[in-house]
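Okay, here's what each chain looks like letter by letter:
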Amino acid sequence: ELAAFKYTTALNYLLNRDNKHCLSVGDASTVFWVIAPNSKQAQKAENIFEQIVNPSDDSEAAQLNLLVEQISKGRPLQEVAPDIDPCSRFYLLGLAPNASRLSIRYWLDTTFGQLEHHMGKHYTDLSLDPLPWKTPPSILRLLIELIPYRPEKKIKFDDIPSHLAGEMMRSFLTGDRYPHSLLAQLILRIRSDGHISPLRVAMIKAVLNRDGRKLSKEEIPMGLDENNENNAYQLGRLFAILERIQKVALEKYDSKSGESKKINSTITDRYFGSASTVPYSVFPRLLASSKHHLSKIRKNQNKKIASLAFHLDEDIGKIIGKLPHEFPKHFSIEDQGRFSIGYYQQRNKKRSTLDKNGTDSETNSETN
């Protein structure tokens, strides 16, 4: 009874939000504490962890943003916070409601140096070129990407899959593989709402890379890999080029304002799901349409636009040369992920485009 009284008293203290030892991710509550050489080090380590998992904008937290950004770039703890002993013990307990009881989602007894290493690796796995965030995303921000995309509606946190919240947090803290169902959930969301957001693609890359690292397979780089031998990745690149051809051919430019009037529906809106799943049934039709679009581009009165036809046609030829004679019948869930990454990286490749004055300029394509 004495032991029960002690641990429940300690747990109630940790669960009290005013004491800043508890964070919520999905339906789980994570309590944490640090044992360091002195209370100042323990407090700073706890503040850094809190800012990474649950960022805030107050003046005190703003001072930690630089440290968080350095951690996200993989900088070692000795450089980021030399005043914190990397051997400080860090304890985390993930709890979730289970009828009238509590269930333990995860329990971690580690050092702050090891925890910081795992968190840095997490951000490295997520990184893309261009970087898909201005400030390192929290676990909650990533989990929001699993909710159906509703740009004009308030986010419903209850829609976050509860089992994935705990598993994501566990992978973030331990460096273990991400839950495999996370990949399927991301692919499902992209196919259902058509929102190919940078963070969704970053999470797909993170899952595939961490799985591949455990199985000694290939690792997908941050930027475009034109020599990637995976058919799904190359077809994702091809789809991005076909999308650009359609846009250049059908968008109308206003000579007075220099702005373009976007088309109502692109091939991405209509065919991305089927192209990434059953490419055999879609790509022959898309390639046939691209020939018509390229012909239209060549006839454009603006010579700068007309000259794009040659380069776009050349890009298609290079990718086709890397593919088998027949398009694949079906892609696995992993290859559907690689398709999305190839599409994103090709779409965001630095390329020569037209500015409002009709002259060439180097820029990144627009990110969804």
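What counts as what
Residues numbered from 1 in each chain as written. Predicted model: local features only at pLDDT ≥ 70, side-chain atom pairs only at ≥ 80, totals over all residues. Heavy atoms only, no water. Helix = DSSP H or I, 4+ residues; strand = E, 2+ residues; numbered from the N terminus. Contact = heavy atoms within 4.5 Å. Lys, Arg positive; Asp, Glu negative; His and termini not counted. Charge placed at Lys NZ, Arg CZ, Asp CG, Glu CD. Pairing = 2+ DSSP bridges. 1 Å grid on protein atoms, 1.4 Å probe; cavity = no way out; pocket = protein on both sides within 12 Å on 5 of 7 lines; lining within 4 Å. Points joined across faces, edges and corners; volume = space filled by probe spheres on them. Salt bridge = Lys/Arg side-chain N within 4 Å of Asp/Glu carboxyl O. Buried < 20%, exposed > 50% of the residue type's maximum accessible area, 1.4 Å probe, protein only. Axes fitted to C-alpha atoms, helices over the stretch in contact; angles between N-to-C directions. Left-handed = near helix turned anticlockwise from the far one by under 90°. Nonpolar A, V, L, I, M, F, W, Y, C, P; charged D, E, K, R; others polar. Core = buried A, V, L, I, M, F, W, Y, C linked by side-chain atoms within 4.5 Å. Phe/Tyr/Trp six-rings, centres within 6.5 Å; stacked < 30°, edge-to-face > 60°. Lys NZ or Arg CZ within 6 Å of the ring centre and 35° of its normal. Polar contact = N/O pair within 3.5 Å; in protein donor to acceptor, adjacent residues only side chain to side chain. Expected span 1.5 Å × (residues − 1). Arc of directions from axis to C-beta.

Participant: It is not clear to me how the overall build of the protein chain should be interpreted in this structure. Could you clarify?
Facilitator: Helix and strand counts for the protein chain come out as 15 helices and eight strands. With respect to the three principal axes, the spread of C-alpha positions in the protein chain is 85 × 40 × 40 Å. Within the protein chain, residue pairs in contact and separated by at least 24 positions form 64% of the contacts whose partners lie at least 6 positions apart. Charge separation in the protein chain, taken as the distance between the mean sites of 51 positive and 44 negative side-chain charges, equals 6 Å.

Participant: Sorry, what's going on with the pairing of strand E1 (residues 22-25) here?
Facilitator: The side chains of a regular strand alternate between both faces of the sheet. Judged from the four bridges that link them, E1 and strand E2 (residues 28-35) form a sheet pairing that is antiparallel. Bridge pairing in E2 places serine 24 opposite serine 29. A loop of two residues connects E1 with E2, the two strands running antiparallel in sequence, and glycine 26 in this loop sits at a positive phi of about 65 degrees.

Participant: I keep staring at empty space enclosed by the protein and nothing clicks. Help me out?
Facilitator: Empty pockets left among the atoms are what a rolling probe the size of a water molecule brings to light. Here the structure, examined in full by the defined rule, presents two cavities of 30 Å³ or more. Estimated volume of the largest cavity: approximately 50 Å³. Lining the largest cavity, in full, are Leu242, Ile245, Gln246, Ile267, Leu286, Ser289, Ser290 and His293. Put simply, the parts of the chain that give the lining of the largest cavity at least two residues each are helix H11 (231-250) and helix H13 (283-298). Here the lining of the largest cavity takes four residues from H13, the largest share from any one element.

Participant: Looking at this model, I keep getting lost on the pattern of salt bridges. Mind explaining?
Facilitator: Opposite charge on two side chains lets them pair, provided their charged atoms get close. Per the counting criterion, the structure on display carries 16 salt bridges. Of the charged contacts, one joins glutamate 145 and arginine 141 as a salt bridge, the two residues approaching to 2.8 Å between their closest N and O atoms. The class for glutamate 145 is buried, based on a relative accessible area of 7%. A relative accessible area of 36% places arginine 141 in the partly exposed class. Here arginine 170 ties to glutamate 167 by a salt bridge, and the two come within 3.7 Å at their closest N and O atoms.

Participant: Honestly, the packing of H11 against H13 in this entry has me stumped. Any pointers?
Facilitator: Packed helix pairs are specified by the crossing angle of their axes together with the interaxial distance, meaning the distance between the axes. Taken N-terminus to C-terminus, the directions of H11 and H13 make an angle of 35 degrees; their axes are 9 Å apart at the nearest point. Regarding H11 and H13, the two cross each other, and that crossing is left-handed. In this structure, H11 uses Leu235, Leu238, Phe239, Leu242, Ile245, Gln246, Val248, Ala249 and Leu250 to contact H13, whose residues at the interface are Phe283, Leu286, Leu287, Ser290, His293, Leu294, Lys296 and Ile297. In the contact of H11 with H13, the residues fall into 13 nonpolar, three polar and one charged.

Participant: Just checking my understanding: could you explain the nonpolar core for this structure?
Facilitator: Generally speaking, a soluble globular protein has its nonpolar side chains buried in company with each other. Counting residues in each nonpolar core, the largest one holds 91 residues, and the members touching the most others are Phe49 and Phe239. The element that contributes the greatest number of residues to this core is H11, accounting for 11 residues. Contact partners of phenylalanine 49, with chain neighbours within four places excluded, come to Leu23, Phe32, Phe90, Leu92, Leu115, Met119, Met169 and Leu173. Leu11, Leu14, Cys22 and Val31 belong to the second-largest nonpolar core, a separate cluster that totals six residues.

Participant: Teacher, can you tell me more about the packing of aromatic side chains here?
Facilitator: Within a pair of aromatic rings, the relevant descriptors are the distance that separates the centres and the angle that separates the planes. As enumerated under the stated definition, the model contains 17 aromatic pairs in all. Between tyrosine 123 and tryptophan 133, the ring centres sit 6.2 Å apart and the planes meet at 65 degrees, which makes this aromatic pair edge-to-face. Taken as a pair, tyrosine 123 in helix H6 (residues 112-126) and tryptophan 133 in the loop between H6 and helix H7 (139-144) lie far apart in primary sequence, 10 residues in all. According to the relative accessible area criterion, tyrosine 123 is buried, its value standing at 1%. Considering the side-chain rings of phenylalanine 272 and phenylalanine 339, the 5.4 Å spacing of their centres and the 75 degrees angle between planes classify their relative orientation as edge-to-face. Residue phenylalanine 272 is located in helix H12 (residues 267-277), and its partner phenylalanine 339 is located in helix H15 (residues 333-347); the two are separated by 67 residues in the primary sequence. Note on accessibility: phenylalanine 272 and phenylalanine 339 belong to one class, buried. Here the basic side chain of lysine 329 rests over the ring of tyrosine 280, its NZ or CZ set 3.6 Å away from the ring centre.

Participant: Looking at this structure, I do not really get the side chain of arginine 189. What am I missing?
Facilitator: Tracing the chain through its elements places arginine 189 in helix H9 (residues 180-193). Lacking a salt bridge, the buried arginine 189 has aspartate 193 as its closest oppositely charged neighbour, with an N-O distance of 5.3 Å. A distance of 2.9 Å separates a polar side-chain atom of arginine 189 from the backbone oxygen of leucine 146.

Participant: Looking at this structure, how should I read the sheet that holds strand E3 (residues 89-98)?
Facilitator: Within a sheet, adjacent strands bond to each other through the backbone by hydrogen bonds, running parallel or antiparallel. One open sheet accounts for four strands, arranged E1-E2-E3-E4; its pairing is antiparallel. Here the strands that pair on one side only, and so sit at the sheet edges, are E1 and strand E4 (101-111). The sheet shows a mean angle of 20 degrees between the axes of neighbouring strands, direction not considered. Contacts from helix H1 (residues 2-15) reach E1, E2, E3 and E4, with the element oriented near 105 degrees to E2.

Participant: Looking at this structure, how should I read H13?
Facilitator: Since the α-helix turns once every 3.6 residues, residues separated by three or four places project in the same direction. In this model H13 runs 22 Å from its N-terminal to its C-terminal C-alpha over 16 residues, within 8% of the 22 Å that 1.5 Å per residue would give. Within H13 the residues assigned to the buried category are Phe283, Leu286, Leu287, Ser290, His293, Leu294 and Ile297. Taken end-on, H13 shows its buried residues confined to a sector of 120 degrees, consistent with a single buried face. Of the exposed residues in H13, the ones pointing more than 90 degrees away from its buried face are Lys291 and His292.

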